Amino acid sequence: MTDVDVRPLAESEYRPSFDLFLASLHEPQRTGDERWQRSSTRYEPGRVFGAFLDGELAGTALSMTSALEVPGGAVLPAAAVTGVGVRADRTRRGLLRGLMRAQLTELRERGEPLAVLHASETRIYPRFGYGLGTRSQRVQVARTHAELRPDAPIGGQVRLVDGPAAEKLLPELYSRIAAGRPGLIARGEGWWTTRLAGTVENGGALRVAVRSDDSGTDDGFALWEPSKTDHHFGDGSIRILVSDMHGADDAATASLWRFLLGLDLATSVIAVDRPLDEPLPWWLADRRGCGVDRVDDDLWVRLVDVPAALAARSYGAAEPVVVEVRDPFLPQNSGRYRIGPGGAEPVADAPQLGLDVDVLGSLYLGDVRPSTLAAANRVEVHEPSALAAADRLFAAARPPWCGTQF
Ligand SMILES: CC(=O)SCCNC(=O)CCNC(=O)[C@H](O)C(C)(C)COP(=O)(O)OP(=O)(O)OC[C@H]1O[C@@H](n2cnc3c(N)ncnc32)[C@H](O)[C@@H]1OP(=O)(O)O
């Protein structure tokens, strides 16, 4: 195998790293200065890696400082991994493997027990210990079917805000309301800077609505873009594409849906990254008006420090279970853990269940039951009664959901 040299990049190397990443995604290779200015806020010192072949930068990966809510409500430091790319003429030579090893080793030294990412392709990251941890759905509502039931939550006010106001309001609003569900992550300053770029770029296509409750406290927001496919109005020519929507509670989210579904001239509303348990069909007078046309893999979760991550979440009521975890990529994590309602700890006892660390990443937030993964031969069952107990232990009170792209 080719000798790959991986090291943290210096600040002067961030822009070439960004250009390399964009090129790997088949985006235009020359980044405008304005776009780079905004994106540079995601480049945090010590968190950007480069992979070199013959002294030339050929691959890159970075992580942003973030945090992840886990079952029970604890919020743990989590690295939000992104910006991963290898030059198209240097792929399949181990550059990504070298980058992943350096990054995960550094994150462990940093004391961050978790890493999360969105994957461009689902087959890439399990080999590095990432498991699919949350899913989301894409929802479409035709405006002809958009009437809400009289008993759907009502109240509050929705107002439009411009880009500069959104940059002031949304970071605080999001961090105040995005809690109470496993899978939610912290959004840093750099994340917001790039996320709201669309309010000024492309002629300001991105719109922002903020919802406030009856006492005047802001408690929700939605970002959307109108997509116009025809010069004429009507005939399905204007669709509302909602890319980000969070409410403090169901009343706030229902208000935002009511607002979006009531936009004049639009013929349909399409919302991506929605939680699987959103009550929208139950709010509509005609639930067939709401279609889910796809369920997507959302957040991929990597337990970087297995004992610390296992100990930090809560577990349901059941007999404790001894689980053997295998982690060839970070072997310090390999071992047996007793997991019960009181917590999790390393033990030397005989294992009742066995699994790879990426499978643990899928179970960690409660999105899938151990018995489902046993049916897929991803969990080995040494003692059948332990499987039903593990189902109850790993279950989360609410389905996990992230709802943040990065
Ligand atoms: C979190 C994010 O940023 S997601 C964005 C990821 N970036 C992209 O998708 C951009 C386009 N793709 C690329 O830049 C590259 O193909 C990468 C980064 C996906 C892979 O980089 P490479 O240097 O080719 O990977 P590397 O050679 O280290 O491969 C490691 C292993 O993963 C496998 N692998 C790599 N890419 C893929 C893939 N797309 N699909 C399936 N397997 C893959 C390799 O076959 C290899 O397998 P092995 O362990 O059995 O030998």
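The name recorded for the protein chain in an unreviewed UniProt entry is GNAT family N-acetyltransferase, from Saccharopolyspora gregorii. Here is the UniProt Subunit (unreviewed entry) comment for the protein chain, exactly as written: "Homohexamer; trimer of dimers." One UniProt comment on the protein chain, placed under Sequence similarities (unreviewed entry), says "Belongs to the acetyltransferase Eis family."

Chemist: Account for the sheet that holds strand S9 (residues 207-212), naming residues and giving values.
Modeler: Remark on secondary structure: sheet strands pair via backbone hydrogen bonds, oriented parallel or antiparallel. Taking strand neighbours across the sheet as the criterion, the seven strands line up as S8-S9-S10-S11-S12-S7-S13 in an open arrangement whose pairing is mixed. Of all strands in the sheet, those with a lone pairing partner are strand S8 (157-161) and strand S13 (290-297), marking the two edges. Between one strand axis and the next, the sheet turns by 25 degrees as a mean value, whatever way the strands run. In terms of strand pairing, strand S10 (residues 218-228) meets strand S11 (residues 238-247) through nine bridges, oriented antiparallel.

Chemist: How would you sum up the environment of Pro-328? Please name residues and give values.
Modeler: For Pro-328, the location among the structural elements is in the loop between strand S15 (321-326) and strand S16 (335-340). Accessibility expressed as a C-beta count within 10 Å gives 11 for Pro-328, which makes it exposed.

Chemist: Please give an account of helix H4 (residues 163-177) that cites residues and values.
Modeler: Taking 1.5 Å per residue, 15 residues should reach 21 Å; H4 reaches 20 Å between its end C-alpha atoms and fits that length. At Leu-169, H4 shows its largest bend, some 35 degrees, and a proline, Pro-171, comes one to four positions later. Taken together, the buried positions of H4 are Ala-166, Leu-170 and Leu-173. Elements in contact with the buried residues of H4: S8, helix H5 (189-195), S9 and S10.

Chemist: Quick rundown of the nonpolar core? Include the residues and the values.
Modeler: In this structure, Ala-78, Leu-114, Ala-115, Val-116 and Val-321 are the most contacted members of the largest nonpolar core, which totals 79 residues. If near-sequence neighbours (up to four positions away) are discounted, Val-321 is found in contact with Ile-339, Gln-352, Leu-353, Ala-386, Ala-389, Ala-390 and Leu-393. The next biggest cluster of nonpolar side chains, apart from the first, holds 31 residues, and it includes Leu-206, Phe-221, Leu-223 and Leu-256.

Chemist: Tell me about the sheet that holds S15, and name the residues and values.
Modeler: Reading across from one edge, S17-S16-S15-S18-S19 is the order of the five strands in this open sheet, with mixed pairing throughout. Looking at which strands have only one partner, the edges of the open sheet turn out to be strand S17 (343-347) and strand S19 (379-381). Across the sheet, the axes of successive neighbouring strands diverge by a mean angle of 25 degrees, strand direction being ignored. The sheet contact formed by S15 and strand S18 (residues 353-356) spans four bridges and is parallel. Across the sheet, the residue bridging to Glu-324 is Gly-354, located in S18.

Rules used throughout
- Residues numbered from 1 in each chain as written.
- Predicted model: local features only at pLDDT ≥ 70, side-chain atom pairs only at ≥ 80, totals over all residues.
- UniProt positions renumbered as here; feature names shortened; annotations may be inferred.
- Pairing = 2+ DSSP bridges.
- Helix = DSSP H or I, 4+ residues; strand = E, 2+ residues; numbered from the N terminus.
- Axes fitted to C-alpha atoms, helices over the stretch in contact; angles between N-to-C directions.
- Buried ≥ 20, exposed ≤ 12 C-beta atoms within 10 Å, placed from the backbone.
- Expected span 1.5 Å × (residues − 1).
- Bend = angle between axes of the 7 residues up to and from the residue.
- Contact = placed C-beta atoms within 7 Å.
- Core = buried A, V, L, I, M, F, W, Y, C linked by C-beta atoms within 7 Å.

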